[in-house]
Structures are given as structure tokens and as C-alpha cells.
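# Structure at a glance
This is what each chain is made of:
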Amino acid sequence: MQAAIEARNIIRWLPLTGERIDILRGVSFAIPRGSWVALTGPSGSGKSTLLGILAGIDTVNGGTLIIDGTDITTLNETALARFRNEKIGIVFQSFNLISTLTALENVEVPLYVSRDRRHIRQRAQKVLDLVGLADRLHHRPHQLSGGQQQRVAIARALVTQPDLLLADEPTGNLDSQTGAQVLDLCARLRADLGITLVIATHDPQVAGRADTLLNLVDGRLALPSNGHQDAQRWREPVRLAEGG
């Protein structure tokens, strides 16, 4: 079966006052379709950068990233934006909802730049019902709880029917009970829709819900420090044939 994501020797660095700051140092892995992956590691390890690269928001300085059979590192800006809209859903820690729009209108936004613009309102209503917000369609963000806002953000990420859902610390701004409810929702959506889910987190409780771990340390994949506990879920870096 074709992998949902295959990263080959991903390198990312930034120039700083004449020096090169290495962020990702040759990261390689493969993620099967339908997996739930936790991207873990200490602050500054490269988690957010890697998630941004998977989302097609950040660029690489070297390496190949294949998502759903397409090497997105070769796409121009227009093609990449289209691919991202059709194939990738993104959920941010800070929700990033538009304050002047209702929940329904926030979820509709990605559909206006989609190639398939049919039945926009009905599709947005359906996905809000899917995340349990059928009775909050016309509420604006300030009228919703943190958990409800995150559900709107998840609905917005799902409305284009992506194959891959990426989330950056999706429970970071929520209390533990609401955070657990959001994770339960993610688990249900994964089971019902068959999406591949990648969550960047520093919270071991969140990571514990995943079936696979990708742990970054200083820009490289490494076994978690409590390796004996996480060995069954640790994803070894893929071994690529020379020139492959």
C-alpha cells in the first residue's frame, strides 16, 4: 500500500547573521495511510517546522516529501496551494477563526478557493454536524467555548475532505477535560473517515493516544527518552536505498 507520507532526507536550515542554523538534519520516515502519528520532542527540536513542511507551508532546503504519491517539493506555488486545499487539512493551536464570521461561515471559507464549489453551505453544515456543532452554526467565535472553537477549526480543516489532517498542539489552549474530548473527536473522525492524522505535541497524554511516534531531538529522529515505554509505537526512520 502506498504510504500517506514519505519523507526522504528532509533538510531545513535558516541563515542568521551570516551563520547557518540547522533545524532539520536529514529526517526520513514513512507513514502508512490511516495512521495516527504523534510528532513529539522538546521545544526547539523542529516539530513545528516539520509540521509546516508537511502542510506545504514551509519549504525544504534539501530532500523529498511525497504526499499521496505527489512530490510536493517540486510543485510551484499555485499547484502547491491547490494540492494543500484538496489533500491537507490543518488545525492550529490558536484556532485561527475569523472573529467576524459565524461558525458556518468560517467552515465555508476553504470551499471558496476549492475547485469544487458546489453545495458550499450544505457541505459546511454537514461537517459541523459531524463534529457536534449543528446547534452552533450561527454563533461567532466569541460566543463559543474554547472546545467549541477548536471543533469549528477541525470542521474547517475537514470540509474539503482531505486525506491528511495535521494539528499543531490542538489541545494546548484547552483544559484537560475539553482536550480529552477533542482527542476523542479526532479518534472518531479517523475511524469514520479513514484520514491520516499527525499531531505535534509536547504533552505525553496526547502522544499516548497515537499509535505511532515520531520523536525529534535536535532536528533528528530519536528514540524517546522513555524508550522502553514507547518502543512499540516508535517509528524507526525509513531506510532508503542509495539514490532512492
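Structure shown above.
These notes cover the structure that comes with them. As the structure is a computational prediction, the values presented were derived from the model and not from experiment. (Residues numbered from 1 in each chain as written. Predicted model: local features only at pLDDT ≥ 70, side-chain atom pairs only at ≥ 80, totals over all residues. Heavy atoms only, no water.)

Moving on, we get to the nonpolar core. Grouped together as the largest cluster of nonpolar side chains are 39 residues, with contacts concentrated most on Val 107, Leu 128, Val 131, Val 152 and Ile 154. For this core, the elements supplying multiple residues, two or more each, are strand S3 (36–40), helix H3 (103–108), helix H4 (120–130), helix H5 (146–158), strand S7 (164–168), helix H6 (176–193), strand S8 (196–200) and helix H7 (204–207). Take this core: its biggest share by element is six residues, from H5. Ala 7, Ile 90, Ala 200 and Leu 221 belong to the second largest nonpolar core, which has 30 residues in total. (Core = buried A, V, L, I, M, F, W, Y, C linked by side-chain atoms within 4.5 Å. Buried < 20%, exposed > 50% of the residue type's maximum accessible area, 1.4 Å probe, protein only. Helix = DSSP H or I, 4+ residues; strand = E, 2+ residues; numbered from the N terminus.)

This paragraph deals with helix H1 (residues 47–54). With respect to burial, H1 is a largely interior element, seven of its eight residues being buried. Every buried residue of H1 is listed here: Lys 47, Thr 49, Leu 50, Leu 51, Gly 52, Ile 53 and Leu 54.

A few words now on H5. Taking 1.5 Å of rise per residue, 13 residues should cover 18 Å, and H5 covers 18 Å from first to last C-alpha, within 8% of that figure. For H5, the buried fraction is high: eleven of the 13 residues fall into the buried class. All of the buried residues in H5 are Gly 147, Gln 148, Gln 149, Gln 150, Val 152, Ala 153, Ile 154, Ala 155, Arg 156, Ala 157 and Leu 158. The secondary structure elements touched by the buried residues of H5 are strand S6 (88–91), H3, H4, S7 and H6. (Expected span 1.5 Å × (residues − 1). Contact = heavy atoms within 4.5 Å.)

On to a nonpolar patch on the surface, then. Taken together, the side chains of Leu 14, Leu 16 and Ile 21 define a hydrophobic patch exposed on the protein surface, amounting to about 240 Å² of accessible area. The class for Ile 21 is partly exposed, based on a relative accessible area of 35%. (Patch = residues over 30% accessible without salt bridge, like charges linked within 9 Å, V, L, I, M, F, W, Y side chains within 5 Å. Areas by Shrake-Rupley, 256 points an atom, 1.4 Å probe, with all protein chains shown as cover. Salt bridge = Lys/Arg side-chain N within 4 Å of Asp/Glu carboxyl O.)

A few words now on the sheet that holds strand S2 (residues 19–31). Within the open sheet, the four strands sit side by side as S2-S1-S4-S5. Their pairing is antiparallel. Each end of this open sheet is capped by a strand with a single partner; those strands are S2 and strand S5 (70–71). Sheet topology note: the strand S1 (residues 5–16)/strand S4 (residues 62–67) ladder contains five bridges and is antiparallel. Note on S4: the bridge partner recorded for Ile 11 is Gly 62. In the packing of H1 onto the sheet, the strands contacted are S1, S2 and S4, and the crossing angle to S2 comes to about 60°. (Pairing = 2+ DSSP bridges. Axes fitted to C-alpha atoms, helices over the stretch in contact; angles between N-to-C directions.)

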